[in-house]
Each structure stands twice: as C-alpha cells, then as structure tokens.
Amino acid sequence: MSNTQQMVKELVDKHGNDRTNLMAILQGVIDRERSLNDEAITEIAREMDLSAAQVYGTASFYTFLDTQPRGEYVIRVCRTITCDMKGKREILHMLENLLKVNVGETTPDKKFTLLETNCLGWCHKGPAMLINDKAYTELTVEKVKDIITEIKHNS
Amino acid sequence: MAEKKQLKRVDIIFTEECNFKQVLSEALQRSDDEIIQSLLDSGLRGRGGAGFPTGMKWKFTAQEEADERFIICNADEGEPGTFKDREILFKVPYKVFGGMAVGAKVIGAKEGYIYLRGEYKFLLDDLQKQLDDFHKLLDELGLDFRIHIVTGAGAYICGEESALFESMEGKRGEPRNKPPYPTINGYKGKPTVINNVETLVYALTICRLGAERFKSLGTNDSRGSKVFSISGDTPIPGIYELELGMTLENFVEEFGDGDTKSVQVGGAAGFCVPRKDFKDTIIGFEGVPTGGSMMLFNSSRSMYNVIHNYLEFFEEESCGQCTPCRVGCQQLLLGVEAVKRGDKPISYLDELLKLTETMKLTAKCGLGQSVANSFASIVDNFKEEMIY
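Cut-offs applied
- Residue indices follow the written sequence of each chain, beginning from 1 at its first position.
- Chains and ligands are labelled by the order in which they are written, letters from A for the one and numbers from 1 for the other.
- Given that this is a predicted model, residues contribute local features only at a pLDDT of at least 70 and side-chain atom pairs are listed and counted only at 80 or more, while totals for whole chains, interfaces and linings are drawn from all residues.
- Heavy atoms from the whole structure form the basis of all side-chain values; hydrogens and water molecules are not counted.
- We call a set of buried Ala, Val, Leu, Ile, Met, Phe, Trp, Tyr and Cys residues a nonpolar core when their side-chain atoms join them within 4.5 Å.
- Only protein chains enter the accessibility calculation, which uses a 1.4 Å probe. A residue is then buried if its area is under 20% of the maximum for its type, exposed if over 50%, and partly exposed in between.
- A run of DSSP states H or I qualifies as a helix once it reaches four residues; a run of E qualifies as a strand once it reaches two. Both are numbered from the N-terminal end.
- By definition in these notes, contact holds between two residues if any of their heavy atoms fall within 4.5 Å.
- Two strands qualify as a pair provided DSSP detects at least 2 bridges between them.
- With axes taken as lines fitted to C-alpha atoms, and helix axes fitted only over the stretch in contact, angles between N-to-C directions fall between 0 and 180 degrees.
- What counts as a domain boundary in this text is fixed by an automatic or database domain assignment.
- Buried area is a sum: the accessible area each of two parts loses on coming together, probed at 1.4 Å, counted once for each and added.
- Put simply, a salt bridge is a Lys or Arg side-chain nitrogen that is within 4 Å of an Asp or Glu carboxyl oxygen.
- The definition of a polar contact used here is a pair of N or O atoms within 3.5 Å, where within protein one atom must be able to donate a hydrogen and the other to accept one, and adjacent residues in sequence count solely through side-chain atom pairs.
- All amino acids are sorted into three groups, where Ala, Val, Leu, Ile, Met, Phe, Trp, Tyr, Cys and Pro are nonpolar, Asp, Glu, Lys and Arg are charged, and the leftover types, Gly among them, are polar.

Student: Hey, could you run me through the nonpolar core in this one?
Tutor: Membership of the largest hydrophobic core comes to 82 residues, with the highest contact counts inside it found for A:L36, A:I44, A:Y62, B:Y310, B:F314, B:F375 and B:M386. Examining the composition of this core, we find that 8 residues originate from one element, helix α11 (residues 303-317) of chain B, more than from any other. Leave out the neighbours within four places in its chain, and A:I44 touches A:V8, A:L22, A:I25, A:L26, A:V29, A:L36 and A:V55. Ranked by size, the runner-up nonpolar core spans 56 residues in total, among them B:W58, B:L137, B:L200 and B:Y202.

Here it is in structure tokens:
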C-alpha cells in the first residue's frame, strides 16, 4: 500500500465514506500534503465509491483545495479592497523578493508557495495574509521579513 | 453648525452571560410557539444581509412534515469588509451554540452544523473545545442535540445558503434554484433553518430579554441593534454594535476621517453611497441594508480602482454555473478596463450598465444579481473617475 493509499484510507476510516464527508477528507489531504494529486483523487474516489470525476469536480471548485503542487507553506495574501488600500502591493513585492518567486509560483526547494486570495475577513487590520491556516495581520514589510526568516529558521 | 450626534452604542452581543446555564435552561423551558411568537414580535431579521424574518424561518421549518430537520449556522462570512462573525465566534461562541440549541428545540432538530469559512480555520480547535463543554451542558439540561463544525475551503459563493448545503453534501458549491426554500428543502433535502452567526445570538438574547426590549431599539423596518464591521479610511476601524436606523451622515461624522468621499454599505455586493447622499441614506432595511460591512473611502481613493477590485473579486468568485454571471462578470471587468484605456467610448459604460440590469434579472443567485448594486452606484456617481 502506497503512502497516499494509506493516508486516504485513514481519513476515510476517520470521517466515514458518505459523500457528506468528502470535504473533510479532501481537507485532510490538504492539511498533510498541501495539494491533491491524481493518486489521492482516484484513491478517495475508490474508497468512497464515487467517480474520480465527482471527486475532482468538487476539489477543483474550491480555492483552498489545490490540485496543483504546492509548497510546505502556502502563503495567501489578501488582495481585496481594504487590504489593497492599506498597502498589499508592498507586502507582495517584499514576499516576491524574499522568496524569489512570482505570485502563483513555488520556491525550488518546495518550501513556499506565494498566492493571492480574496477577502480574509481582516479588513480592519489589513494588510493581511494566511500562511497555511494561520492569519497574520497589520503587516508591514519588516514584519513580513521577520515572519519568513522565522519560518526558514525553524524548519 | 449642528451639534454632533453620538451614535447609540449597544452592548448585547458581546456581553458575557454570567449565568449562561440558567439563560439556556429558561429558554428551553418555554414552549415552541411562545419562542416563535417572541421572535416574530421582536422584528428580528436575518443579520447576514438578506434580512428574512427569523421567526418566520423557524416557524416554516417547524411546520414541515419530515423525519429529520437541521439547523445550520452560516459562518461562511466572505463578503468583503465583513469580519464581525469571526469576532462573535472568537469571543462568545457559547451564545451561538445556545441560539442553535433553542432553534433545534423549536424545529425539532437533533443535529446542527456550523459551516465555518476555511479562512477562519484557526478558530477551529478552540471552538471545538468550547463545543465539547456545551454538549455536556446540553446533556445536563436533557436536550438531545449535537452540533458539528464543518469548514469551507475558500469559496465566497458558499455563503449563499443553497450553495452551502451543496458544499456540505460534498459537491461543488453551486447554488440551487429557489424555490424550494431551505425551510422545505435544505441540507440533504430536509427542512432546514439556516441562520447567520449574529442572528442566532440575537435569537437567544430575545428569549432572555423579551421581544419588547429588542424592539425598543431601531426603527419600524429595522428593529434592534446590529454588529458592524467598519474598515477603510477611518481612524477607528473595528467591530461596533450600533442601533439600526442611523443616517449615513451621522455614521460618517463618527467614523469618517473628515474627508470621506463615499461609503460602501453591505460589501462588494452592496451599494456605494456618495457624499451628497449621506444625509438622506438610512442604514437599515428601509434604506440601504448591510450584513455589517461598512467601508469608507476618502478623496485620495480612485473609485475606478475600487470597482475594478470588486469586479476581479466577482469574476473569480462567480461559480460559473449560469451564463449571465460567469460571462457578465468577465465582460464588466474587461469593459471598465477598455473604457479606462480609451479603447471604448464613454457611452460604453451605458452598455455595461444594461448588462448589469440583465444580470439582475437573469442570474441564478444573489451573487450575479447583486453585481449591479455596486457597479451602478459607482459608475453613476463617479463617472469621471471611470474615464480619467
């Protein structure tokens, strides 16, 4: 049994194979792998008695259920209006410089993926971003430097 | 100069319930009809933005013949400029659970769900802990009801109730045709009450304080108070509970930075009100309604950038199911860009306004229908900014 098969089986055993649990199972894979590859999708389909198209159809609808390969840390910078007004562009430029990637790309060491996202619900404390599930608010370029340095340092 | 009128601050939502067990126990001892009647009397309308009377929703669902019913808390707060539900779930989650439990008793639901947006997943561990405690309390009080938390995954449209059910059923979050409404055909095709986070807290509060107290706040059409999410060009951004029915002029006096050009009421799906209309605009169901989002723009802001940002948002968040919304959002975005570049004449904006009218009539759900609100209110009031 491959690692992916093992992981999917564990998740389906934990949540149950009814379709109402599909989101939780897809999110479970994202929590561990940061993205859903073809093997994970076909394996989920098999375990849940769905077609791969049904599973892929659901997964591809949701921004956070990435079907493209992603880094260990997925950074999503809020691009919606108030964060945009409060200096999102500088934050994004700083991240592009620090990570040496453009928005939408993953660093060669597969550590970071830099993305933009829609309103994160921190409009009163913009600019804001998520790194995986964690929210960072009232960002400044200095703060961003510290955050990235700390992650690099700790891993 | 007229004296500055201080807006009435209200402190209902975030006050700690010192004896929550007693509050809940007393609410649960009241008859179902009595609870529904007091919600109807209070005039409480949904706090997510659409404003459907909460008492009616509960009543209709309770009346349906069914072997199973559900109550769902819509915590998929995604409207740009809205962040009050996060604060409620962070500070007083037990009140949300309490509102759900009272609703469950009234409609006869054994299972309830909180659909938490993926962006708020960091709240999950703490919520789950508090929920475990709450379940113990329910056991003590003898109510056979359990709440489960499910999380979304970054789709704005799932805040639309029928799309939310689809998502919970493991499908693409594509809105259904309505009718049938959730009170008849909701989650798994069963009668379902789906309420906003804030609405559930008010429902519980009304059980405690009585309809009269709630009704004494606000106006005829907009009873009670409301939690506002205030952001943009303001020296004091944040979350405020205010009495409904204020004019935008009073609001701006208090929250503006002295140079407010316009206020976006109700998020990207809402209306942009220009300065000249502040005086005559009431925040509430008789004027401009809002799910809480209030974004202030001062004269340094380009309203072209604002509408461009909204259109990028809608273009990406449109579920793509119906053509008016999928193609309409794309064409609006391309259209304003073309006018700005000078590739299209000014009169092209009128064509785009017609397109939003068509979307309003033909789009399947509120997303496509409401693009017209912000588009028309910005393009009509700030035409020169669209061009130069």
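Student: Before we go on, may I ask you to explain the sheet that holds strand β2 (residues 111-116) of chain B in this structure?
Tutor: Remark on secondary structure: sheet strands pair via backbone hydrogen bonds, oriented parallel or antiparallel. Residue and element names in this part refer to chain B. The strand order across the open sheet formed by 4 strands is β3-β2-β1-β4, and the pairing between neighbours is parallel. With partners counted over all chains shown, the strands left at the sheet margins are β3 (146-151) and β4 (192-196), one partner each. Across the sheet, the mean angle from the axis of one strand to that of its neighbour is 20°, orientation sign disregarded. Relative to β3, β2 runs parallel, the two sharing 6 bridges. Within the sheet, the bridge partner assigned to G112 lies in β3 and is I147.

Student: Just checking my understanding: could you explain the domain arrangement of chain A for this structure?
Tutor: Interface size, as often reported, equals the accessible area lost upon joining of the parts. Assigned domains of chain A: these are domain 1 (3-61) and domain 2 (73-154). For domain 1 of chain A and domain 2 of chain A, the distance between their C-alpha centres works out to 28 Å.

Student: What is the right way to read the interface of chain A and chain B from this model?
Tutor: Taken together, the contact between chain A and chain B spans 31 residues of the former and 50 residues of the latter. Here chain A and chain B share an interface that buries about 3100 Å² over both sides, 56% of which is from carbon and sulfur atoms. The largest per-residue losses of area from chain A upon contact with chain B belong to A:F61, A:I81 and A:H124, which jointly make up 21% of the total buried on that side. Our count for the contact surface shared by chain A and chain B stands at 2 salt bridges. A:R79 is the partner of B:E316 in a salt bridge, and the nearest nitrogen-oxygen pair spans 2.4 Å. The tally of links between chain A and chain B comes to 23 residue pairs in polar contact (both at pLDDT 80 or more). Of all the secondary-structure elements, those providing two or more residues to the side of chain A that touches chain B are α2 (22-33), α4 (52-61) and α5 (81-85) of chain A. Counted by class, the side of chain A that touches chain B contains 14 nonpolar, 11 polar and 6 charged residues.

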